[in-house]
Amino acid sequence: MGTLRHWFATQDELLHFAVTLVVEHAGARVAAVTAGASADAALALRVLEETLPLDDERRAGAEVWLALTARALTAPALAALRDRSAEDLLALCRWVLTVLADAGDLRPGSDHALEAERLYAVLDGLAVHAVTRPSALPPERVRQVLAAHLDGLRDTR
């Protein structure tokens, strides 16, 4: 604790640093997955999986995100960080819908803004449940639920 106090004057500063690191690592994982890959439904699924707690590193990141979400309710400086990270995830959801649409895999007439919000809510819910109830929602089940949601967005003609 003494070492941490040397670098961070408050717990909020430490949490801000930790969340920033989590976001950077998630961005790097997404960049690695998309590098040179064809933009299709399979890529969209792999990218979204990088945002979910499917291994120890991503689980730790999700736990930090949950701590930020709770603390941001009473810490305005952290609320701004929470909101920026939320916008980043929503932008990723919009990108996924664009990928699906460009590949001809999105149901015709889909409301992209609504579907982006719905996908964002699915990701949030999966992350919360996977962290708070890991035995009830293990990584393979998280993958199945996400894949089923994406399948529901696709044009099945």
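In every chain, residue numbers begin from 1 and rise along the written sequence. For a predicted model such as this one, the threshold for reporting local features is a pLDDT of at least 70, and the threshold for listing and counting side-chain atom pairs is 80 or more; totals across whole chains, interfaces and linings nevertheless cover every residue. Working from all heavy atoms in the structure, the side-chain values ignore hydrogens and water.

- Where an unreviewed UniProt entry is consulted, the protein chain appears under the name TetR family transcriptional regulator, with the organism given as Geodermatophilus normandii.

## Observations regarding the side chain of Arg-58
Thinking step 1. Comment: elements are numbered from the N terminus, with helices defined as DSSP H or I runs of at least four residues and strands as E runs of at least two. Within the fold, Arg-58 resides in helix H4 (residues 56-71).
Thinking step 2. Not counting residues within four places of it along the chain, the set of residues in contact with Arg-58 comprises Arg-29, Glu-49, Glu-50, Leu-52, Pro-53 and Arg-143. For this analysis, residues touch if any pair of their heavy atoms sits within 4.5 Å.

## Comments concerning the nonpolar core
Thinking step 1. Throughout this description, the term nonpolar core refers to a set of buried Ala, Val, Leu, Ile, Met, Phe, Trp, Tyr and Cys residues connected via side-chain atoms within 4.5 Å. The cut-offs for exposure are 20% and 50% of the maximum accessible area for each residue type, with area from a 1.4 Å probe on protein chains only; residues under the lower value are buried, those over the upper are exposed, and the others partly exposed. Leu-48, Leu-52, Leu-100, Leu-119 and Leu-123 are the most contacted members of the largest nonpolar core, which has 30 residues in total.
Thinking step 2. Those elements giving two or more residues to this core turn out to be helix H2 (11-34), helix H3 (41-49), helix H5 (76-102), helix H6 (112-132) and helix H7 (139-153).
Thinking step 3. With eight residues, the single largest contributor to this core is H5.
Thinking step 4. Look past the residues within four positions of Leu-48 in its chain and what remains in contact with it is Leu-92, Val-96, Leu-119, Leu-123, Leu-146 and Leu-150.

## With respect to the packing of aromatic side chains
Thinking step 1. Stacked, edge-to-face and tilted are the three classes for Phe, Tyr and Trp ring pairs, Trp counted by its six-membered ring, which pair at centre distances within 6.5 Å; planes under 30 degrees apart are stacked, over 60 edge-to-face, the rest tilted. Inspection of the entire model under this criterion finds one aromatic pair.
Thinking step 2. An angle of 45° between the planes, with centres 5.3 Å apart, marks the rings of Phe-8 and Phe-17 as tilted.
Thinking step 3. According to the relative accessible area criterion, Phe-8 is buried, its value standing at 17%.
Thinking step 4. Given a relative accessible area of 44%, Phe-17 falls into the partly exposed group.

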